[in-house]
Amino acid sequence: MKKILLSLLIICVILTFPNKKLYSDENTIKIGAIFAYTGGASYLGEPERKTAQMLEEKINKQGGINGKKIEILIKDTAGNPQKALNAIKELVQKDGVAAIVGPTTSGVSLAIKNEMNNMQTPLISCAAAEDIVVPIENSKWIFKTPQSDKMAVEKIFKLMKEMKISKIGLITADQGFGLGGAKQAEKYAAQYGIEIVAAEKYSPADAEVNTQLTKIKSKKPQAILCWDTDQGAAKVAKGIKARGIKVPVFMSHGIANEGFIKAAGKSGDGVILPCGRLVIAEQLPKNHPQKAMLVEFKKDYFSKYKEEVNTFAGHAYDAIMILKEALTIAKSTDKSKLRDAIEQVKKFNGTAGAFNFSADDHNGLDNTSFCFVKLEKGKWKFYKD
Amino acid sequence: MSEIFFQYIINGLTFGAIYALIALGFTVIYKTTDIINFAQGEFVMLGGMLMYTFAENCSMPILPSFALTAVSVCFIGIITERLFIRPALNASLISVIIITIGISILYQSAAMLIWGKEALIIRPFSETEFIELSEEIILNVQNVWIFGITIFFMIILHLFFEKTITGKAFAACSSNPNAAALVGINRNKMVLTSFAVSAGLAGIAGAALCPLTNASYNMGTLFGLKGFCAAIIGGLGNNLGSILGGFMLGIIQELGAGFISSGYKDAISFLILIIFLVFKPSGLLGSKWKKRV
Amino acid sequence: MSLYREKKGLLFFFLIIGLIPLFLNKFQAGGYYIGVLTPIGLYSLAAVGLNLLIGFAGQISLGHAGFMSIGAYSSVYVCAKLGYPAIYGIALSIIINCILAYLISKPILKLKGHYLAMATLGVGVIINIVFREFMYFGGGEGISVPDLKIFSFNFNDYKIKEIAYFYLAWSLTLASLVLSINFINSKAGRALRALHLNEIAAAALGINVSSYKTFIFVYSAVLAGISGSITAHYNSYILPSTFDLHTSIKLVSMVILGGVMDVKGAILGAFIITILPELLGKFDEYEGLVYGGIIIAALIFFPNGLISLIKKINAKILKLFKKK
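Please read all numbers here as calculations on a predicted model, not as lab measurements. (Residues numbered from 1 in each chain as written. Chains lettered and ligands numbered in written order. Predicted model: local features only at pLDDT ≥ 70, side-chain atom pairs only at ≥ 80, totals over all residues.)

1. Description of the overall build of chain B
Here comes step 1: Across its full length, chain B holds 11 helices and two strands.
Here comes step 2: Secondary structure of chain B in N-to-C order comes out as α-α-α-α-β-β-α-α-α-α-α-α-α.
Here comes step 3: A compact globule built from 293 residues should have a C-alpha radius of gyration of about 19 Å, and chain B, at 19 Å, falls within 12% of that.
Here comes step 4: Dimensions along the principal axes, computed over C-alpha positions, put chain B at roughly 60 × 45 × 35 Å. (Helix = DSSP H or I, 4+ residues; strand = E, 2+ residues; numbered from the N terminus. Rg over C-alpha atoms; globule rule 2.2 N^0.38 Å.)

2. Things to note about the overall build of chain A
Here comes step 1: Broken down by element type, chain A carries 12 helices and 14 strands.
Here comes step 2: Taken over C-alpha atoms, the radius of gyration comes to 23 Å for chain A, in line with the 21 Å a tight globule of 385 residues would show.
Here comes step 3: Along the first, second and third principal axes, the C-alpha atoms of chain A reach 80 × 60 × 40 Å.
Here comes step 4: Counting across all 385 residues of chain A, residues that qualify as buried make up 56%. (Buried ≥ 20, exposed ≤ 12 C-beta atoms within 10 Å, placed from the backbone.)

3. Considerations on the interface of chain C and chain B
Here comes step 1: Listed by partner, the interface residues are 34 residues for chain C and 36 residues for chain B.
Here comes step 2: Here the side of chain C that touches chain B gets 13 residues from one element, more than from any other, and that element is helix α5 (residues 113–133) of chain C.
Here comes step 3: Here the residues of the side of chain C that touches chain B sort into 25 nonpolar, seven polar and two charged. (Contact = placed C-beta atoms within 7 Å. Nonpolar A, V, L, I, M, F, W, Y, C, P; charged D, E, K, R; others polar.)

4. What to know about the sheet that holds strand β2 (residues 69–76) of chain A
Residue and element names in this part refer to chain A.
Here comes step 1: Taken together, the five strands give an open sheet; going across it, the order is β2-β1-β3-β4-β5, and neighbouring strands pair in parallel fashion. The open sheet is flanked by β2 and β5 (142–144), the only strands paired with a single partner. Across the sheet, the axes of successive neighbouring strands diverge by a mean angle of 25°, strand direction being ignored.
Here comes step 2: Relative to strand β3 (residues 99–101), strand β1 (residues 28–35) runs parallel, the two sharing three bridges. Bridge pairing links Ala33 to Val101 in β3. (Pairing = 2+ DSSP bridges. Axes fitted to C-alpha atoms, helices over the stretch in contact; angles between N-to-C directions.)

5. A short note on the pairing of strand β6 (residues 167–173) of chain A
Residues and elements named next belong to chain A.
Here comes step 1: Counting buried positions along β6 yields six of seven residues, so the element is predominantly enclosed.
Here comes step 2: Where β6 meets strand β7 (residues 195–202), seven bridges bridge the pair, whose relative direction is parallel. By the bridge assignment for β7, Ala173 is matched with Tyr202.
Here comes step 3: The handedness of the β6 to β7 crossover, carried by helix α6 (residues 176–188), is right-handed.
Here comes step 4: Sheet analysis places β6 next to strand β8 (residues 223–227), joined by five bridges and oriented parallel. Bridge pairing in β8 places Ile171 opposite Cys226. (Right-handed = clockwise from strand over helix to strand, strands pointing away.)

6. What about the domain arrangement of chain A?
All names here are of chain A.
Here comes step 1: Each domain of chain A was delimited in the assignment, giving domain 1 (28–147 + 293–366) and domain 2 (149–275).
Here comes step 2: Each of domain 1 and domain 2 has a C-alpha centre, and these two points are 28 Å apart.
Here comes step 3: Each partner contributes residues to the interface: domain 1 has 17 residues there, and domain 2 has 19 residues.
Here comes step 4: Counting residues per element, the ones that place at least two in the side of domain 1 that touches domain 2 are α2 (42–61), α4 (106–118) and α11 (311–330).
Here comes step 5: Looking at side-chain class alone, the side of domain 1 that touches domain 2 contains seven nonpolar, seven polar and three charged residues. (Domains from an automatic or database assignment.)

7. Looking at the pairing of strand β13 (residues 371–376) of chain A
All names here are of chain A.
Here comes step 1: Note that strand β10 (residues 272–275) and β13 share four bridges and pair antiparallel. In the strand pairing of β13, Ile272 is matched with Lys374.
Here comes step 2: Pairing geometry for β13 and strand β14 (residues 379–384), over five bridges, is antiparallel. From the neighbouring strand, Val373 faces β14, where its bridge partner is Phe382.
Here comes step 3: Hairpin remark: β13 followed by β14, antiparallel, with two residues in the connecting loop; positive phi at Lys377, about 50°.

8. Overview of the environment of Leu177 of chain C
All names here are of chain C.
Here comes step 1: Locating Leu177 in the fold gives a position in helix α6 (residues 161–184).
Here comes step 2: Its 22 C-beta neighbours within 10 Å are what place Leu177 among the buried residues.
Here comes step 3: Put simply, Leu177 and Lys264 are 87 residues apart on the chain and 7.5 Å apart in space, counted from C-alpha to C-alpha.
Here comes step 4: Those residues in contact with Leu177, other than ones at most four positions away along the chain, are Leu10, Val48 and Val263.

9. Structural notes on the interface of chain A and chain B
Here comes step 1: Chain A puts 21 residues into the contact, and the matching count from chain B is 19 residues.
Here comes step 2: Every element with two or more residues in the side of chain A that touches chain B is listed here: α2, β7, α7 (210–218) and α8 (230–243) of chain A.
Here comes step 3: For the side of chain A that touches chain B, the element with the highest residue contribution is α7 of chain A, accounting for five residues.
Here comes step 4: Of the residues that constitute the side of chain A that touches chain B, the class distribution is five nonpolar, 12 polar and four charged.

10. Describing unusual backbone geometry
Here comes step 1: Put simply, Gly102 of chain A and Pro103 of chain A share a cis peptide bond, and its omega is 5°.
Here comes step 2: Note that the residue after Val134 of chain A, namely Pro135 of chain A, is joined by a cis bond; omega there is 0°.
Here comes step 3: Along the chain, Pro135 of chain A turns up in the loop between β4 (123–125) and β5.
Here comes step 4: Positive phi, normally seen in glycine, also occurs at Ser59 of chain B, with a value near 50°.
Here comes step 5: Summarising the element assignment, Ser59 of chain B is placed in the loop between α2 (40–57) and α3 (62–85).

11. Here we look at helix α8 (residues 187–213) of chain B
All names here are of chain B.
Here comes step 1: The terminal C-alpha atoms of α8, which comprises 27 residues, lie 38 Å apart, in line with the 39 Å expected from a rise of 1.5 Å per residue.
Here comes step 2: Across the 27 residues that make up α8, a large majority, 23, are buried.
Here comes step 3: Phi turns positive one or two residues past the end of α8, at Asn214, with a value near 65°. (Expected span 1.5 Å × (residues − 1).)

12. Some words on the packing of helix α3 (residues 65–81) of chain C against α5 of chain C
Residue and element names in this part refer to chain C.
Here comes step 1: Across the interface, α3 lies against α5 with an axial gap of 8 Å and an inter-helix angle of 35°. Across the interface between the two elements, Ala65, Gly66, Ser69, Ile70 and Tyr73 from α3 touch Val123, Gly124, Ile127, Asn128 and Phe131 from α5.
Here comes step 2: A class-by-class count of the residues in the contact of α3 with α5 yields six nonpolar, four polar and no charged.

13. A closer look at helix α2 (residues 30–56) of chain C
Here comes step 1: Between its first and last C-alpha, α2 of chain C extends 38 Å over 27 residues, near the 39 Å set by a 1.5 Å rise per residue.
Here comes step 2: Within α2 of chain C, 25 of the 27 residues are buried, which leaves it mostly tucked inside the rest of the structure.

14. Describing the confidence of the model for chain B
Segments scoring low in pLDDT should not have their predicted coordinates read at a detailed level.
Here comes step 1: When pLDDT is averaged along chain B, the result is 84; 94% of the residues meet or exceed 70.
Here comes step 2: Two numbers describe this predicted complex: its pTM, 0.86, and its ipTM, 0.86. (pLDDT = per-residue confidence, 0-100.)

15. A few points about the environment of Leu85 of chain A
Here comes step 1: Mapped onto the elements, Leu85 of chain A comes out in helix α3 (residues 81–94).
Here comes step 2: A residue is classified by how many C-beta atoms lie within 10 Å of it, and Leu85 of chain A, with 25 of them, is buried.
Here comes step 3: Along the primary structure Leu85 of chain A and Ile112 of chain A are separated by 27 residues, whereas in three dimensions their C-alpha atoms are 6.0 Å apart.
Here comes step 4: Not counting residues up to four positions away in its chain, the partners in contact with Leu85 of chain A are Ala111, Ile112 and Glu115 of chain A together with Asn235 of chain C.

Next up, the structure:
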């Protein structure tokens, strides 16, 4: 008897509990950010996180956006899609953010794409895979700031054609960014008269890539194309040196940072890659439209964190600044209006290049955003436009 | 074609030696305690991490770093036994499995917090990194080191078991614990020693391997599992079997990865394991155990 | 505890669970908290089956996430690749898991102890690697999963998604719990318990040991598969890494932590292990330490699982009531 009464009491309490709506602070603009600052991709995500914190301070010091202070709520994904899914749900449903910046990796971006669309909240990803914003029909709420792998691959192929290279060996990571690059390479190689004589993949967990490189070497390519970020690419660079492979090595814009130089050491010398102009900002001609902004960002980052900035920090910089621009255009935090406003951002100078978004183009970059850079004696040197 | 084949064999022997050492570790613990230590792989990882700390962080020369690493991992093995294994010796089988898995998770986490998540680079043991045997085949000198070190310690272990009193006590303990106790062999001490020895072996494997492959906090799991596969293939409880199983596994794995597909490398190892478990669970050299009713 | 009282207690428990979303929905962030409880329900579904396998049939499986992933990818195949409604995807997941579990059980359930553990681990890892390499399903990158629509009711509709999946997950868990308890107390269940205690004696008494083991193995695989299918639709995306060795170990930990002797323990275990990262909040770097530590400590001090602790507390509370 007592138990039944107790249960009825509990039920009554629950049903008559007043509808409480948590008050959202109208005077702060809340922005979510998810980066992989722990885990395997932390050398990418940590600079992004630092950039976000740096920009939050700077923007608030300059008066905020639309007269309101901003708050950037940063959550860790550790490169794990499940964690990322939980994080975005927390940010959107619990914290009520207007938009989310990040994540760091292509794999995670693709994993949360559907959910972001479902929750009708804008996402500006800091990952490069083309598939993040293509096809546009299922990417209505998704944007990205890095140059896409497709663009980078095509730019490299164009250069290879000029260098009369027609047979290449391809070696990429088997997931995320690496896989995206492999896909694009296989798709466009023929258009530039290039034959992929050997295509190998490796897992990030693999200790070394000797087996794959041995296979590639046996097919005698004229150049090697490697698609991965710092750690994986460094493994490949080391392996190439060990195998005594002497042909030119091309890599992706994912390695344009100190992490690669440190991990690859001497074996990184000679690598050619397309990338945004951030890492060679000082070597740009004086009147280059991006130069002032790039140099300032580099200086600010270095003075606050005492370490060199890298392209990934640049992607986070772009994402947040573009969001700022969009908020200013939309003059509100209504998510629908914000989404439309991002599409209206044009001629915006970011670290990756000049952005021109539109309803069909959620990346906003073309291949002039790249220049070619060569690693010489552990330093990035401008190679070609 | 044959050059690639030779390259795969070299890789196979290298990793095989590592798996053999790890498998020996499993066997040693299994013989004294009937426990399978799922955390064995973590000792390999700790070997690599500590090697980094001594050789790179503290900039000590290779030999003392190596010795210090081996001793440290032995010590960690002892602590592990005291803290976690001793209280659990009488728990049910599945509980013990989960406890050792719990230890593995714990150590991985601790390693992540102490050393960070990035791969740690350790310099190779000798100045010359590579020897070109021919145009196609390059021998990484570290491979030679790994092979040499593992063979060396296998011999030492063999001498330990055959020549020393403690070693013989081990063998007695595993064949008949009651009789062993009767003649004054302290079972607890045996268990402790077995953990120290097995951890030490794994740590040595890790320290030798990591200049080749870099050390990271989560490298241990797969090595532990493969070492266990090797132990079963060779025959659990048989020292020579563990060594044989290790080399076999290493070579088959590398050949499979090379000729079939590198992505399926681990799947190949586990497939071999399952085949053995289903058709010959006693392994190559093990004897059929009888189950008493 | 008598079967009647056990079922009454269970009903009460699920009544509370059923009321939780109504309560949480009154908060603006309610959807989020409901969304935290749903995965617990989905894990519980798989854990209940596994509990029966470990606790009552006396087997071990360190590869059950493999069945979850087969369930998930079956749903993807039917819905994303063939375009049929979700219900057929779940049906396919059940069928494939039945067949696969049956085929695997025959050679593998002959093994015991560590050998069985490693064999099941191997199976789980191989399944994981196959999906990782097999590009048809997107490989390591994963693949999109269409919405879960049953008779034109879309579970993924933004406005009702969290509540809909919550009720779906927990009703399935309740159903599996009731099924399991009925089975344990049936003639077949008693045979199973006899088997667990002493396989050879059971066989000597004429119990078809191999059939029962297979049956429970298949049952647990099917439950895991359904859990996998629903998870796939819930996240709208799956990758091989969602159902890897870590997940298998998590499942077993849930069962053991909760209490292998009592099926309800699976839910307790699922709750504790899933809620852990939430509780750690800012300190989630320490998750592994806490997770490992809890498992070790719980098994050393509470070899019968934490449900025994709950039962003791429950008994004490009831005594207090009675005194009044």
